[in-house]
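The primary structure of each chain is shown beneath.
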Amino acid sequence: MRYSIILLLLVVGCAASPPPAGDPLDVPVDSWRDVDVMPLNSRVDEAVDAGLDWPRSALYVTLNLVGGDVDTRSLALSEVANRGEAPDTMVVVVARDGLLDDSVRGDWHRAVLHRLTDGTWRLHEMCRAFRCYRGGSLDRYSADLCP
C-alpha cells in the first residue's frame, strides 16, 4: 500500500511539471532587430590585440559577443559555412530558452561573419529577436520587447 501511494505521488508530480522546452531553433522567428556590429567588432579587435584565441572561430566570436554562458535551460547552436574547405563566410545562429528573467523567456541571434586574412572573424551583420513568458511572443521570436 505504501508503495502504491509513493507511485501515485510520483505520477502526479511528473504530470504537474512543465513539458520540456524543445529545441529553441525550432521556434519560428517572425521579426528581428538589427544589432550595431561596430562596437562588437571593436571587442573582437581588442581580443585579437590581447592574443586571445576565440576570434579564430566564428562560433566562439558569436558566443563571446552574445553571452552563450548565460544561465539558461536550453542553448541551441547552428553554424553554416559558405563552403567546406577554408570558408570565408559563416552564418551562426544562437537560440536560448528558459532564461532566468521574469519577462524574457529566450532570445535568438543570427550572425553573419567574414574571415579576415589573418584568420580571425568579424561580424558583417547581426540580428536579434525575443521570446516572452507573457504577452504576444509566447510561441515565437519577435523584435518586440517583452512586457
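Just above sits the structure.
Everything numeric here is computed off the predicted structure, so don't read it as measured data.

(A) Looking closely at the sheet that holds strand β4 (residues 104-115). Strand order in the open sheet formed by five strands is β1-β5-β4-β3-β2, and the pairing between neighbours is antiparallel. Pairing within the sheet leaves two strands with one partner each, and these edge strands are β1 (33-35) and β2 (74-81). In this sheet, neighbouring strand axes are inclined to one another by 20 degrees on average, regardless of whether the strands run parallel or antiparallel. Where β1 and strand β5 (residues 121-132) come together, three bridges link them in antiparallel fashion. Among the inter-strand pairings, Val-35 is bridged to a residue of β5, identified as Met-126. Against the sheet, helix α2 (residues 38-49) touches β1 and β5, its axis set at about 130 degrees to β5. Of the strands in this sheet, β2, β3 (89-97), β4 and β5 touch helix α3 (residues 58-66), which is tilted by about 40 degrees from β3.

(B) The arrangement of α2 in detail. With 12 residues, α2 ought to run about 16 Å at 1.5 Å a step, and its terminal C-alpha atoms sit 16 Å apart, in line with that. Of all the positions in α2, only Leu-40, Asn-41, Val-44 and Ala-47 are classed as buried. For α2, the arc enclosing every buried residue in end-on projection is 110 degrees, short of the 170-degree limit, so these residues lie on one face. Facing away from the buried side of α2, by more than 90 degrees, are the exposed residues Met-38, Glu-46 and Asp-49. Buried residues belonging to α2 abut β1, α3 and β5. Among the residues trailing α2, Gly-51 stands out with phi positive, at a value near 80 degrees.

What counts and how
- Residues numbered from 1 in each chain as written.
- Predicted model: local features only at pLDDT ≥ 70, side-chain atom pairs only at ≥ 80, totals over all residues.
- Heavy atoms only, no water.
- Pairing = 2+ DSSP bridges.
- Helix = DSSP H or I, 4+ residues; strand = E, 2+ residues; numbered from the N terminus.
- Axes fitted to C-alpha atoms, helices over the stretch in contact; angles between N-to-C directions.
- Contact = heavy atoms within 4.5 Å.
- Expected span 1.5 Å × (residues − 1).
- Buried < 20%, exposed > 50% of the residue type's maximum accessible area, 1.4 Å probe, protein only.
- Arc of directions from axis to C-beta.

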